[in-house]
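Below are the chains, spelled out letter by letter.
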Amino acid sequence: MLMNVGFNLGSRDIATLNAKLGRLYSNPVIPPENTAMIGSTVTLINCLDSSELTFRLTDSGSCPEAEKDDVCIGSPFGLALLGTKPGSVVKLGSGNEEGHAVVLKITN
């Protein structure tokens, strides 16, 4: 069942929201240390074969120009890495090929 709640914004409301967003972008919240964020390099160890994997998190705007080891936060894997800390466990793969990895270090 779909419901239309009738949420409409006037031009003053939009101007107010834009002003608040502008303040957020100019004064971003500083994330805690050793937390994966856009631009971070995340090193993982694969639990299946003990191999090390290194990725750099990129934002959605730079995904078309992403390099080999870049992971876009718009992807499920990138979203899983976002906000992790050393010691976090991340799911790798999908379906029958599922495995896990542990975050070793994060470089911001």
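Residues numbered from 1 in each chain as written. Predicted model: local features only at pLDDT ≥ 70, side-chain atom pairs only at ≥ 80, totals over all residues. Heavy atoms only, no water.

### Overview of the overall build of the chain
And then number 1: When helices and strands are tallied, the chain shows 2 helices and 5 strands.
And then number 2: For the chain, the succession of helices and strands along the chain, N to C, is α-β-β-β-α-β-β.
And then number 3: Residues counted as buried form 21% of the 108 residues belonging to the chain.
And then number 4: For the chain, long-range pairs separated by at least 24 residues make up 40% of all intrachain contacts whose partners lie at least 6 apart in sequence.
And then number 5: Carbon together with sulfur atoms contributes 57% to the accessible area of the chain, which is approximately 8000 Å² in total. (Helix = DSSP H or I, 4+ residues; strand = E, 2+ residues; numbered from the N terminus. Buried < 20%, exposed > 50% of the residue type's maximum accessible area, 1.4 Å probe, protein only. Contact = heavy atoms within 4.5 Å. Areas by Shrake-Rupley, 256 points an atom, 1.4 Å probe, with all protein chains shown as cover.)

### Points about the pairing of strand β4 (residues 89–92)
Successive side chains on a regular strand alternate, one facing one side of the sheet and the next facing the other.
And then number 1: Burial of β4 is one-sided: the residues V90 and L92 facing one way are buried, the residues V89 and K91 facing the other way are not.
And then number 2: Judged from the 4 bridges that link them, β4 and strand β5 (residues 99–107) form a sheet pairing that is antiparallel. Bridge assignment links L92 to a residue of β5, and that residue is G99. (Pairing = 2+ DSSP bridges.)

### Side note on the side chain of S40
And then number 1: Tracing the chain through its elements places S40 in the loop between α1 (11–26) and β1 (41–46).
And then number 2: Ignoring anything within four residues of it in the chain, the contact list for S40 reads T35, F55, R56, L57, I106, T107 and N108.

### Observations concerning the packing of aromatic side chains
And then number 1: Under the defined criterion, the tally for this structure stands at 1 aromatic pair.
And then number 2: Each ring, one from F55 and one from F77, has its centre 5.2 Å from the other, and the planes form 80°; the classification is edge-to-face. Taken together, the residues span a long stretch of sequence, with F55 in strand β2 (residues 52–58) and F77 in helix α2 (residues 76–81) at a distance of 22 residues.
And then number 3: Classification of F55 as buried rests on a relative accessible area of 18%. (Phe/Tyr/Trp six-rings, centres within 6.5 Å; stacked < 30°, edge-to-face > 60°.)

### Looking at the pattern of salt bridges
Oppositely charged side chains can form a pair if their charged atoms are brought close together.
And then number 1: This model, assessed by the stated rule, comprises 1 salt bridge.
And then number 2: The partner of D70 in a salt bridge is R56, with the nearest N and O atoms 2.9 Å apart. Taken as a pair, D70 in strand β3 (residues 70–72) and R56 in strand β2 lie far apart in primary sequence, 14 residues in all.
And then number 3: We classify D70 as buried; its relative accessible area is 15%.
And then number 4: With relative accessibility at 36%, the residue R56 sits in the partly exposed group. (Salt bridge = Lys/Arg side-chain N within 4 Å of Asp/Glu carboxyl O.)

### Things to note about the nonpolar core
Grouped burial of nonpolar side chains is what soluble globular proteins tend to show.
And then number 1: Counting 13 residues, the largest nonpolar core has A36, V42, L44, L57, L81, V103 and I106 as its most contacted members.
And then number 2: Sorting the residues of this core by element identifies β1, β2, β4 and β5 as the ones contributing at least two each.
And then number 3: Once residues lying within four places of it in the same chain are set aside, the contact partners of V42 are A36, L53, T54, F55, L57, L81, V103, K105 and I106. (Core = buried A, V, L, I, M, F, W, Y, C linked by side-chain atoms within 4.5 Å.)

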